[in-house]
Amino acid sequence: MKRILIAILLGMATPMGAFSQTNYNNVQLPDPEQERKAVELMETIRCVVCQGQSITGSNADLAADMRGMIRERIARGEKPEDIRKWLIQNYGEWVSFKPQMGGNSAPLWLLPLLALAGGVYLARSRFKNRRG
Amino acid sequence: MIAEAGHAALWLAAVMALLQFTLGALGLSSRFKNFLPSTAPTAVVQSVLACISFICLIILFVRSDMSVLLVATNSHSDKPMMYKIAGTWGNHEGSMLLWVTILGIGGATVALFERALDIRTKVATLAAQGVIALGFYAFLLFSSNPFTRINPAPANGQGLNPLLQDPGLAFHPPTLYMGYVGMSVAFSFAIGALVTRDVGPAFARAMRPWILGAWIFLTIGITAGSYWAYYELGWGGWWFWDPVENASLMPWLAATALLHSVTVLATRDSLRAWTIMLSVVAFSMSMIGTFLVRSGILTSVHSFAVDPTRGGFILILLALYIGGAMALFALRIGTVREGNRFEAVSREGALVFNNLLLSTILVVVLVGTLYPLALEATTGTKLSVGAPYFNSVAGPMALILMVGMAVGPLLKWRYDKSKAVLERMAVPILLAALATLLIAIFVGPTAILPLVGLVVAAGVAAASIAPLWKRNLRRTPLFTWGMVIAHLGCAVSIAGMAADSAFTKEALVAMQIGQSQKVGPYTVTLKNISEIPGPNWSALDAEMVVQKGDSAPFIMHPQSRTFRDPPMETSESAIATAWNGQLYLVVGIPTDNSGYPIRMWWKPFVTLIWLGGILIALGGLLSLIGRIDRDLFRGFRSFGRKEKLA
Amino acid sequence: MKRVWLWAPFAIFITLIAVFAAGLINPSDRVVASGLVGRAVPQFALPGALDPAAGLSNQSFGDGKPKLLNVFASWCIPCVAEAPALMQLKNQGAEVVGIAVHDRPDALQKFLSENGNPYSAIGDDPQSRTQIAFGSAGVPETFVVDGSGIIRHQHVGIITPDDVPIIMAKLRAVE
């Protein structure tokens, strides 16, 4: 319920400002390769207002502004991973949907590996030992 | 009156559930053996009472009886009739009532139709069902009574979340719940078998239709939910690795593994402990799913009715049932005789491979979904785990699993020769190679995962039909057809996913009226924008003319809707389906004077994703019919034949 | 030994339950905190929202005097509720500067004349670029910046009258 209320407040709070210069919030970059890079990054950046979505799939203003910002920076030749680092520096690890290998996200890879190893061990005991 | 009647029926149903458990538990001890036969009737009565209670709630919603708190807070007298009815389960209390109702029906069905199983195991199963139901009745009666009245009654009611005013709502939650409840029946069978130590082929055959049934509903539920999110959220995505989506995927993964391991148990009397464990895990995933969705402890695009206090109740039930089952497992499984061992290159071997990978994928989804929660609870660090993690870890494993799926059905039970298997795989391998060649020639460089997806899909599609080769199709058992179609469905679905991610064309533009834009093979022109009033919303409606080459143009109407009760904006995407894909248009509300923000996607073969889902469910259905026919009714039929002979 | 391993599923399950319980008992505050606390104000230069000449930039900080930086907007309903607390802070001697996000001069003028103007300068941030640079996830948010231009504290959401002494204390502490 609280979430809905927030969404409503945000919806009502939509500004009607008019900007004349082209902004890339909802428009693609002319260069398809740059656009591909930008979208690839945007899909992994979490919208800081709506929380559950990436900024590619959000109607929130701040998400739209972040899309515009990312497109502009990519167009200026910045590397996607540098932009990600900058955003992580500003908003914390939380803002990236792509956990970095190692550190406090190591269990994300270790636990499935452990499960697989345990599974292989269990399964091995079910097979006949042909040589034996 | 109706509210009171529904409330009373709910109480009586709870009493019956208690009785069902008590009679069953007593009946299992040798002193009260004569209680054994009375357990089944109580299960039937309990289900009838639960149904009455649920019907009462539907009537209250249909009549818009605003003196009932639940109706007042979730419905509105102006709402279309269909959503009034669907509103019954579009909220916490109603959906929990639906849960116990389906649970009751499941128990009654076991009571009435299960005949192959030993009576003690059947009664133990029903007693377990009674306990599960009792917990949920307590939950409803003490902390989420759907029949509470309010005084004074409001005039109109508060309405239903606009995103939920959709045909999808009428369909999606009940389907998933049927799947969850089906898993609870399989769970109860596992408990019953642990109590009586009766784990063997007969038990596996009794449990199998329930797993199949649950699995069919989960498949339909996930497929429908995915399509619903696809057209409702308006960003062209069909799977977001969102916690709520994962919560529905996890039981499906466990059920799929269980479905395959139970076949090994039924056919070769092996994997006994593992099958029991998987049935417990599958139901625990269903309950964890319900817990995650209802408690709202994880942020999600899809959670609408969250309440942490109620989450506590579900968590306690979860801890009691699953914790109890795991403890029972640890105590009892040592005394269950180990099943047969088998050769590595054999059908059993392939099914173990399937279980190994499915379980690992399940762990990946579980860890990825819950790790942020665990990390924040222990260190306070906030972390996000999203599509990049799941795609890169679960994606390759799913593709390896697909390869196993191609080979598995071509292996013989007990023992097979590797060389012979390779020969049988010649055509599928050839087809996969051909697909690689075609993609290389006509498409050019593609991202690696979609490319491998397309290639594997081609191979699996061919291999999945292979078990029918050189067979008399009329005498092929129905469940073999089921397997073939379900596996083909997987190939079709994977092909759709790969095609969508490799070939989608996107155009995000700000358009003035009269402007045109190309996307894929289509030219889209914004012809007009108008305001359209709806029953409880008003919409910005875009009239868009779409033309492909020289063919006749057609018109599409994406809308941006503004709802009044409660106030909210949603985009209604317009989707045109062609044989080779979908054109997806969305209009937004302009924020400046550069034009109307319009999003367009041409998604080649995206429909295969859901078509594959439907095929998988259809395969399950054929299998279910075949299994019921063979496992449950074979006994009667051979009995009848003997009579005729005599 | 084998007996013990049979309890492994139970143990894993209990761990899961513990995680869930922790999540329920101590739910996430869902606040997206800025990573800039403890760091220097990021580089930015905004024209004035009302008078383009009187803008705001990172040069405005670090002059030896601590400041409150309030990220707000005239269209933001909670910001109206926050306005009296900001006035109170100003009256107690705090220097308040503002960043107006997605705003227009006429709407902003109306907002200030209705709710009071505690700001010594307001930067115009039409596309939230500076807001993003500060790691701010919404409006209103307030940063305490010390005299050398280092961000010392972030307050997410509206400043209630109860928060005023706390913010004042933070400001005094970094003087």
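Right above here is the structure, for reference.
Residues numbered from 1 in each chain as written. Chains lettered and ligands numbered in written order. Predicted model: local features only at pLDDT ≥ 70, side-chain atom pairs only at ≥ 80, totals over all residues.

Looking at the overall build of chain B
- When helices and strands are counted, chain B shows 19 helices and ten strands.
- The C-alpha atoms of chain B give 26 Å as radius of gyration, which agrees with the globular expectation for 646 residues (26 Å, within 12%).
- Each principal axis of the C-alpha distribution contributes one length, and for chain B these read about 85 × 75 × 60 Å.
- Taken across its 646 residues, chain B has 57% of its residues classed as buried.
- When contacts within chain B are restricted to residue pairs at least 6 apart in sequence, long-range pairs at least 24 apart make up 76% of them. (Helix = DSSP H or I, 4+ residues; strand = E, 2+ residues; numbered from the N terminus. Rg over C-alpha atoms; globule rule 2.2 N^0.38 Å. Buried ≥ 20, exposed ≤ 12 C-beta atoms within 10 Å, placed from the backbone. Contact = placed C-beta atoms within 7 Å.)

Looking at the environment of leucine 615 of chain B
Residues and elements named next belong to chain B.
- Its place among the elements puts leucine 615 in helix α18 (residues 608–632).
- Taking the C-beta count within 10 Å as the criterion, leucine 615 has 22 such neighbours and is therefore assigned buried.
- Sequence separation between leucine 615 and phenylalanine 479 is 136 residues; the distance between their C-alpha atoms is 14 Å.
- In this structure leucine 615 touches Ile485, Ala486, Leu488, Gly489 and Val492, once residues within four positions along its chain are discounted.

A word on the interface of chain A and chain B
- Listed by partner, the interface residues are 41 residues for chain A and 46 residues for chain B.
- Among the elements that make up the side of chain A that touches chain B, the one with the highest residue count is helix α5 (residues 107–124) of chain A (nine residues).
- Along the lines of polarity and charge, the residues of the side of chain A that touches chain B split into 19 nonpolar, 16 polar and six charged. (Nonpolar A, V, L, I, M, F, W, Y, C, P; charged D, E, K, R; others polar.)

Some thoughts on the pairing of strand β6 (residues 559–563) of chain B
Residue and element names in this part refer to chain B.
- For strand β4 (residues 537–548) and β6, the ladder comprises five bridges, and the chain directions are antiparallel. Each bridged residue has a counterpart across the sheet, and for serine 538 the counterpart in β6 is threonine 562.
- Where β6 and strand β7 (residues 568–572) come together, five bridges link them in antiparallel fashion. In the strand pairing of β7, threonine 562 is matched with glutamate 569. (Pairing = 2+ DSSP bridges.)

Notes on the interface of chain C and chain B
- Contacts between chain C and chain B engage 18 residues on the former and 23 residues on the latter.
- In terms of residue class, the side of chain C that touches chain B is built from 13 nonpolar, three polar and two charged.

Here we look at the nonpolar core
- By size, the foremost hydrophobic cluster in this structure holds 228 residues, and its most contacted members are Ala186, Ile211, Ala254, Ala255 and Val280 of chain B.
- Tallying contributions element by element places helix α12 (residues 347–379) of chain B first for this core, with 19 residues.
- Core analysis: the next-biggest nonpolar cluster, separate from the first, contains 36 residues, Phe61, Ala100, Phe111 and Ile159 of chain C among them. (Core = buried A, V, L, I, M, F, W, Y, C linked by C-beta atoms within 7 Å.)

Notes on helix α2 (residues 8–25) of chain C
- Taking 1.5 Å of rise per residue, 18 residues should cover 26 Å, and α2 of chain C covers 26 Å from first to last C-alpha, within 8% of that figure.
- Among the residues of α2 of chain C, Pro9, Phe13, Phe20 and Gly23 of chain C are the ones counted as buried. The buried side chains of α2 of chain C occupy one side of the element, clustering within an arc of 80 degrees when seen end-on. Away from its buried face, by an angle of more than 90 degrees, α2 of chain C presents the exposed residues Ala8, Thr15 and Ile25 of chain C.
- Turning to α2 of chain C, the residues buried within the fold contact α10 (272–295), α11 (308–332) and α12 of chain B. (Expected span 1.5 Å × (residues − 1). Arc of directions from axis to C-beta.)

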